[in-house]
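# Notes for the structure review
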Amino acid sequence: MTVMQHRNAILTGFAPVVPAQPKVLILGSMPGEASLHAQQYYAHPRNAFWPVMQMLFDIDRELHYEARIQQLKVHGVALWDVVYQCRRAGSLDAAIEIDSIKLNNIGSLLQSCPEITAIFCNGGKAWDLFRRHFFTRVASIRPAMLMAKLPSTSPANARLSLQQKSVAWQKVKQLSAV
């Protein structure tokens, strides 16, 4: 049993990926086991995030992780998660122990990046946590900010095809245009 699989282990997410001129912030909930192990956003081989980014921005999903991140930055896309730390057995968002959640300081990121005009949450759990803890505050300080939920790219979200997810995620491309 790895540390990540241990029920009482506290999991810690990643630092944000922020380009010089961010336009769009994509928020996940908390990295899954494969991502934590690899220390990479969306590392699970069946997660549709990088295939969607390939369809939107022509970022080759087979490139080395750092090269994919650099290309994402060129398009003005920032990545982070709503949750900084939590306990969770496995990778499913439903297994996050709510009373263990510590949040990332999304407000501070937005203050340091006034160029961000849209926040998209990758799936329902990220959206629910963002709405509960940040939505009202962000709306009050940045009333023009677009905030929306996109279909999860997680392999657990098998009800939509890759093509359907890519169509829904087109908003990211439209709003990240530099």
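The structure we're discussing is the one just above.
Structure report, in brief. Since this is a predicted model, take the numbers as computed values, not measurements.

## Some points on helix α2 (residues 49–57)
By the criterion of burial, α2 is predominantly enclosed, with seven of the nine residues buried. Within α2 the residues assigned to the buried category are F49, W50, P51, V52, M53, L56 and F57. Packed against the buried residues of α2 are β2 (24–28), α3 (65–74), β3 (77–81), β6 (118–122), α6 (162–168) and α7 (170–176). Just beyond α2, the residue with positive phi is D58, at close to 60°.

## Quick word on the environment of S91
If you trace the backbone, S91 turns up in the loop between β4 (83–86) and β5 (102–103). With 84 residues separating them along the chain, S91 and L175 place their C-alpha atoms 30 Å apart. Here the side chain of S91 touches E33 through a polar contact of 2.8 Å, landing on its backbone nitrogen.

## Focus: the sheet that holds β5
Here we have three strands laid out as an open sheet, ordered β1-β4-β5, and antiparallel in their pairing. Two strands bound the open sheet, and with one partner strand each, they are β1 (11–12) and β5. Pairing of β1 with β4 involves two bridges; the strand directions are antiparallel. Looking across to β4, one finds that L11 is bridged to C86.

## Digging into the packing of aromatic side chains
Scanning all chains against the criterion turns up ten aromatic pairs. Between F49 and W169 the ring centres are 6.0 Å apart and the planes differ by 80°, which places this aromatic pair in the edge-to-face class. Linking F49 in helix α2 with W169 in the loop between α6 and α7, this pair joins segments that are 120 residues apart in sequence. Residue classification places F49 among the buried residues on the basis of a relative accessible area of 0%. Judged by its relative accessible area of 0%, W169 is buried. Chaining the aromatic ring pairs together yields one cluster made of F14, Y41, Y42, F49, W50, Y65 and W169.

## Comments concerning the pairing of β2
When a strand is regular, its side chains alternate between the sheet's two faces. Counted residue by residue, β2 has five buried out of five residues, so it is predominantly covered. Burial along β2 is two-sided: V24, I26 and G28 and L25 and L27, pointing in opposite directions, are all buried. Bridge count for β2 against β3 is five bridges, and the pairing is parallel. By the bridge assignment, L25 is partnered in β3 with A78. Taken together, the four bridges between β2 and β6 define a ladder with parallel strand orientation. Across the sheet, L25 pairs through a bridge with I119, a residue of β6.

The rules we used
- Residues numbered from 1 in each chain as written.
- Predicted model: local features only at pLDDT ≥ 70, side-chain atom pairs only at ≥ 80, totals over all residues.
- Heavy atoms only, no water.
- Buried < 20%, exposed > 50% of the residue type's maximum accessible area, 1.4 Å probe, protein only.
- Helix = DSSP H or I, 4+ residues; strand = E, 2+ residues; numbered from the N terminus.
- Contact = heavy atoms within 4.5 Å.
- Polar contact = N/O pair within 3.5 Å; in protein donor to acceptor, adjacent residues only side chain to side chain.
- Pairing = 2+ DSSP bridges.
- Phe/Tyr/Trp six-rings, centres within 6.5 Å; stacked < 30°, edge-to-face > 60°.

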